[in-house]
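So the chains spell out like this:
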Amino acid sequence: MPIALRHARLLDEDRHDLDGAVRALENAAARFPDARLYVRAGDLLMQADRPSRPSSAFLKAGELRPSDPAIAARIEAARAAYRRDPGQ
């Protein structure tokens, strides 16, 4: 899991490939479901102002950690961003 996070960071920060970073996190999460991978993917998408996809990433994280207040806050933030701009 730490390797997937580092790989996504390299893709996003050094290679400026947001879609590749999110794809790397989603692929890693498919092999080893971990809420941190979904949260990071959602965070990257929120930073890029793509509110429709982070919601699904945060929801997957919420399924793995249903009582985590930080994830619940991210879900609500993504939903609020989507309501403000549903065309994203």
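Structural data are supplied above this passage.
Rules and cut-offs
- Residues numbered from 1 in each chain as written.
- Predicted model: local features only at pLDDT ≥ 70, side-chain atom pairs only at ≥ 80, totals over all residues.
- Heavy atoms only, no water.
- Helix = DSSP H or I, 4+ residues; strand = E, 2+ residues; numbered from the N terminus.
- Rg over C-alpha atoms; globule rule 2.2 N^0.38 Å.
- Buried < 20%, exposed > 50% of the residue type's maximum accessible area, 1.4 Å probe, protein only.
- Contact = heavy atoms within 4.5 Å.
- Areas by Shrake-Rupley, 256 points an atom, 1.4 Å probe, with all protein chains shown as cover.
- Lys, Arg positive; Asp, Glu negative; His and termini not counted.
- Charge placed at Lys NZ, Arg CZ, Asp CG, Glu CD.

A closer look at the overall build of the protein
Of the regular secondary structure elements, the protein holds five helices and zero strands. When the elements of the protein are put in sequence order from the N terminus, they spell out α-α-α-α-α. What you see for the protein is a C-alpha radius of gyration of 12 Å, in line with the 12 Å of a compact globule of 88 residues. Referenced to the eigenvectors of the C-alpha coordinate spread, the extents of the protein come out at roughly 30 × 30 × 15 Å. Burial status across the protein gives 36% buried among its 88 residues. Pairs at least 24 residues apart make up 47% of the contacts formed inside the protein by residues separated by at least 6 positions. Carbon and sulfur atoms make up 50% of the accessible area of the protein, which totals about 5,400 Å². The positive charge centre, built from 15 side chains, and the negative charge centre, built from 13, are 3 Å apart in the protein.

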